[in-house]
Amino acid sequence: MTKLGLPDGIRACLFDLDGVLTKTAVVHAAAWKEMFDDFLRRRDGAGFRPFDPVADYDEYVDGRPRADGVRTFLASRGIELPDGSDDDPPERDTVQGLGNRKNVLVLAKIRQDGVEAYQGSVRFAEAVRAAGLRTAVVSSSANCRDVLVSAGIEQLFEVRIDGVVAADRKLPGKPHPDTFLEAARELGVAPDAAAVFEDALAGMDAGRAGRFGFVVGVDRVGQADALREHGADTVVQDLAELLEARA
């Protein structure tokens, strides 16, 4: 293992955004809950079963493209809605409309509270760059660039494959490995020479499916066993642990 806590031969690091680099996973979970609870309350009345911002978020929406998250959660409740179109208004009860409503809510929360990066992740990304490894952000978020800029860390990453890029290039999102593979391709690195850093179970699945050289699970919410079951080679609570283990 190198001083970065990575296997020899790793030449690039591919980082998820929310929950790995920035403290925005909790913001997304809150926005999903507000949107889904409003929809379910209107549909089922006062006795509706609320969206669980931990269990439902981790299982059905975390790491997935927004529309896929809507479909997957609704399917778990036996609900099917028309897909609609990308420009559906937030108040329309379609897959795209609900997704757009969630996006309105999350942007409002980010504007109100700002975005903070995990300092351990910043230290690790800086050490990666100093060691000469390539870096990319791979996120299903369409707001990825705005979040990176708000957190002041955009300069640490050479390549950004986010929800906007994935849609333009017609890349399926996590748990498919295509967005990570695209990042490795842009960096000129084979998958087995790249490490994936993820906190979402869908991201673990993508790392395993893409046969990447190393998959790091970042456990912010006490799901270390699940991360390992979904393909993590190692699990840390903070990326700085990788540096400290080799200090």
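About the thresholds
- Residues numbered from 1 in each chain as written.
- Predicted model: local features only at pLDDT ≥ 70, side-chain atom pairs only at ≥ 80, totals over all residues.
- Heavy atoms only, no water.
- Salt bridge = Lys/Arg side-chain N within 4 Å of Asp/Glu carboxyl O.
- Helix = DSSP H or I, 4+ residues; strand = E, 2+ residues; numbered from the N terminus.
- Buried < 20%, exposed > 50% of the residue type's maximum accessible area, 1.4 Å probe, protein only.
- Disulfide = S-S within 2.5 Å.
- Contact = heavy atoms within 4.5 Å.
- Phe/Tyr/Trp six-rings, centres within 6.5 Å; stacked < 30°, edge-to-face > 60°.
- Lys NZ or Arg CZ within 6 Å of the ring centre and 35° of its normal.
- Pairing = 2+ DSSP bridges.
- Axes fitted to C-alpha atoms, helices over the stretch in contact; angles between N-to-C directions.
- Right-handed = clockwise from strand over helix to strand, strands pointing away.

**Side note on the pattern of salt bridges**
Summed over the entire model, instances satisfying the criterion amount to 22 salt bridges. The salt bridge involving E186 is made with R169; its shortest N-O contact spans 2.5 Å. Separated by 17 residues along the polypeptide, E186 in helix 8 (residues 178-187) and R169 in helix 7 (residues 163-169) bring together distant segments of the chain. When its relative accessible area of 33% is taken as the criterion, E186 is described as partly exposed. With a shortest N-O distance of 2.6 Å, K174 and E198 are connected by a salt bridge. Taken as a pair, K174 in the loop between helix 7 and helix 8 and E198 in strand 4 (residues 194-198) lie far apart in primary sequence, 24 residues in all. Linked by salt bridges that have partners in common, R169, E182, R185 and E186 make up one network.

**Here's the deal with the state of the cysteines**
The final tally for this structure, using the stated rule, is zero disulfides. Free cysteine C13: the closest other cysteine sulfur is in C144, separated by 16 Å. On the basis of relative accessibility, which here comes to 0%, the residue C13 falls in the buried class.

**Concerning the side chain of S139**
Structurally, S139 is set in the loop between strand 2 (134-138) and helix 6 (144-151). With residues up to four places along the chain from it excluded, the contact list for S139 reads D16, L17, D18, C144, I161, D162, G163 and K174.

**Here we look at the packing of aromatic side chains**
Counted by the stated rule, this structure contains 10 aromatic pairs. On the basis of an interplanar angle of 75° and a centroid distance of 6.3 Å, the ring pair of F15 and F124 is categorised as edge-to-face. Here F15, found in strand 1 (residues 12-15), pairs with F124, found in helix 5 (residues 119-130); they are 109 residues apart in sequence, far enough to count as distant. According to the relative accessible area criterion, F124 is buried, its value standing at 0%. Considering the side-chain rings of F51 and F73, the 5.0 Å spacing of their centres and the 75° angle between planes classify their relative orientation as edge-to-face. One end of the pair, F51, is in the loop between helix 1 (25-44) and helix 2 (55-61); the other, F73, is in helix 3 (residues 66-76), with 22 residues separating them in the sequence. Under the relative-accessibility criterion, F51 is labelled buried at 1%. Through pairs of rings, three or more aromatic residues link up here, namely W32, F36, F51, Y60 and F73. Lying over the aromatic face of Y118, R220 brings its terminal NZ or CZ to 3.5 Å of the ring centre.

**Here's the deal with the sheet that holds strand 6 (residues 234-236)**
The parallel open sheet is built from six strands, whose spatial order is 3-2-1-4-5-6. This sheet does not close on itself; its edge strands, each paired only once, are strand 3 (159-161) and strand 6. For this sheet, the mean angle separating the axes of adjacent strands, direction not counted, is 20°. The pairing of strand 1 with strand 4 spans four bridges and is parallel. When the bridges of strand 4 are listed, C13 appears paired with A195. Sheet contacts for helix 5: strand 1, strand 2 and strand 4; angle to strand 2, the most-contacted strand, approximately 140°.

**Some points on unusual backbone geometry**
With an omega dihedral of 15°, the bond running from K174 to P175 counts as a cis peptide bond. As for its position among the elements, P175 is in the loop between helix 7 and helix 8. Phi angles above zero are rare outside glycine, and K170 is one such case at about 55°. Accessibility expressed as a relative area gives 72% for K170, which makes it exposed. A positive phi angle, near 55°, is found at R211, a position not held by glycine. Note that R211 resides in the loop between helix 9 (201-209) and strand 5 (214-218). Judged by its relative accessible area of 71%, R211 falls in the exposed class.

**What to know about the pairing of strand 4**
Burial within strand 4 is extensive, with five of its five residues counted as buried. The alternating pattern of strand 4 places A194, V196 and E198 on one face and A195 and F197 on the opposite face, and all of these are buried. Pairing of strand 4 with strand 5 involves four bridges; the strand directions are parallel. Bridging across to strand 5, A195 finds its partner in F214. This β-α-β element, strand 4 to helix 9 to strand 5, shows right-handed connectivity.

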